[in-house]
Amino acid sequence: MPTPHLRREESGATFELGPDVTTVGRGRGVDIALDDPSVSRLHAELVRRGEHVYVSDLGLSTNGTRVNGRPVGRHLLVDGDVLSFGSCRTRIAGLAHDLADDTVELRRMSAPDLTRRECEVLTSLCRPALQQEAFVAPATARDIAEELVVTEAAVKQHLLRLYVKFKIPEGVNRRSRLANEVIGSGVVRPLPADAEAAIRRAG
């Protein structure tokens, strides 16, 4: 099976994906460096799980990530998908064509598609737990609303949709169960301190 790789449409340059996580951006230290002003320093990640690959914007980039023209936060890829990081277009290749039929089942089980805003809500929700070694409660809807500068009602609507996507049943500690699920499945991961500081500086 060929190694999964990205091909930049403008120049034809190809970039092989690493065995686990491949970072994309225009800053120092990323695995795939794209010299384009619309690309953020740390723009997105491409994550390999067995034979499957998904892209995760994580809500960190300024101009967003799109798959086949649709803005995404996290999305499972199939061979031939066009990924746009800002205005930089690339195409993924080297994925097994016969895996396309089970992408719906894989999304249902472990990798639901998330919008950019949903990724931002999850990142904010899990931030307290990712910044402390000991277990702490996830952020409240009010905390998330203040961080993202949106209304608390909007955050609650996003959380309701996320409970459905991650199949979190009604009951006590629903936010905590959602946070545990997304951290355990790797949807939200702690960033290295130097990378997080660079993102804050870049805006």
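Scoring rules and cut-offs
- Residues numbered from 1 in each chain as written.
- Predicted model: local features only at pLDDT ≥ 70, side-chain atom pairs only at ≥ 80, totals over all residues.
- Heavy atoms only, no water.
- Pairing = 2+ DSSP bridges.
- Helix = DSSP H or I, 4+ residues; strand = E, 2+ residues; numbered from the N terminus.
- Contact = heavy atoms within 4.5 Å.
- Buried < 20%, exposed > 50% of the residue type's maximum accessible area, 1.4 Å probe, protein only.
- Salt bridge = Lys/Arg side-chain N within 4 Å of Asp/Glu carboxyl O.
- Core = buried A, V, L, I, M, F, W, Y, C linked by side-chain atoms within 4.5 Å.
- Phe/Tyr/Trp six-rings, centres within 6.5 Å; stacked < 30°, edge-to-face > 60°.
- Lys NZ or Arg CZ within 6 Å of the ring centre and 35° of its normal.
- Arc of directions from axis to C-beta.
- Expected span 1.5 Å × (residues − 1).
- Axes fitted to C-alpha atoms, helices over the stretch in contact; angles between N-to-C directions.

(A) The arrangement of the sheet that holds strand E6 (residues 52-56) in detail. Strand order in the open sheet made by the five strands is E4-E3-E5-E6-E9, with mixed pairing throughout. Edge strands, defined here as strands with exactly one partner in the open sheet, are strand E4 (32-33) and strand E9 (74-76). The pairing of strand E5 (residues 44-49) with E6 spans five bridges and is classified as antiparallel. In the sheet register, Arg 48 faces E6, and the bridge partner there is Val 53.

(B) Region of the structure containing the side chain of Ser 84. If you trace the backbone, Ser 84 turns up in strand E10 (residues 82-85). Filtering out sequence-adjacent residues up to four positions away, Ser 84 remains in contact with Gly 64, Thr 65, Arg 66 and Arg 89.

(C) Layout of unusual backbone geometry. Its identity as a non-glycine residue notwithstanding, Asn 68 has a phi of 55°, on the positive side. By secondary structure assignment, the location of Asn 68 is in the loop between strand E7 (65-67) and strand E8 (70-72). At Asn 173, a residue that is not glycine, the phi angle is positive and equals roughly 55°. Secondary-structure assignment places Asn 173 in the loop between helix H4 (152-165) and helix H5 (174-184). Looking at Asn 173, the relative accessible area reads 55%, which means it is exposed.

(D) Local environment of the environment of Glu 16. Structurally, the position occupied by Glu 16 is in strand E2 (residues 14-16). The class for Glu 16 is exposed, based on a relative accessible area of 60%.

(E) Quick peek at the pattern of salt bridges. Taken as a whole, this structure holds 11 salt bridges when the rule is applied. With a shortest N-O distance of 3.7 Å, Glu 152 and Arg 142 are connected by a salt bridge. Placement of Glu 152 in helix H4 and of Arg 142 in helix H3 (residues 141-148) is noted, with a sequence separation of 10 residues between them. Given a relative accessible area of 53%, Arg 142 falls into the exposed group. Through salt bridges with shared partners, a single ionic network connects Asp 57, Arg 116, Arg 117 and Glu 120.

(F) Broad picture of the nonpolar core. Judged by nonpolar contacts, the single largest core of 22 residues is most densely connected at Leu 122, Leu 159, Leu 162, Phe 166 and Leu 178. Listing elements by their share of this core, those giving two or more residues are helix H2 (116-131), H3, H4 and H5. Top contributing element to this core by residue count: H2, with five residues. If we ignore the near neighbours within four places in the chain, the residues touching Leu 178 are Leu 122, Leu 125, Leu 159, Leu 162, Tyr 163, Phe 166 and Ile 168. Of all hydrophobic cores here, the second largest spans 19 residues; its members include Leu 6, Leu 17, Leu 34 and Val 55.

(G) Broad picture of the packing of aromatic side chains. For the structure shown, the criterion picks out zero aromatic pairs. Between the NZ or CZ atom of Arg 74 and the centre of the ring of Tyr 54, over which it lies, the distance is 3.8 Å.

(H) Molecular detail of H3. Where H3 is concerned, the buried positions are Ala 141, Ile 144, Ala 145 and Leu 148. In a view along the axis of H3, the buried residues occupy a sector of 100°, so they form one face of it. The exposed set on the far side of H3, more than 90 degrees from its buried face, consists of Arg 142 and Glu 146. A positive phi of about 55° marks Val 149, the residue just after H3.

(I) Local environment of H4. With 14 residues, H4 extends 20 Å from end C-alpha to end C-alpha; this agrees with the ideal 20 Å at 1.5 Å per step. Lys 167 sits one or two residues past H4 and shows a positive phi near 55°.

(J) Seen up close, the sheet that holds strand E1 (residues 5-8). Pairing is antiparallel in the open sheet, where six strands are placed in the order E2-E1-E11-E10-E7-E8. Of all the strands in the sheet, just E2 and E8 have a single pairing partner and so form its edges. For this sheet the average axis-to-axis angle between neighbouring strands, irrespective of direction, equals 30°. In terms of strand pairing, E10 meets strand E11 (residues 88-93) through four bridges, oriented antiparallel. By the bridge assignment, Ser 84 is partnered in E11 with Arg 89.

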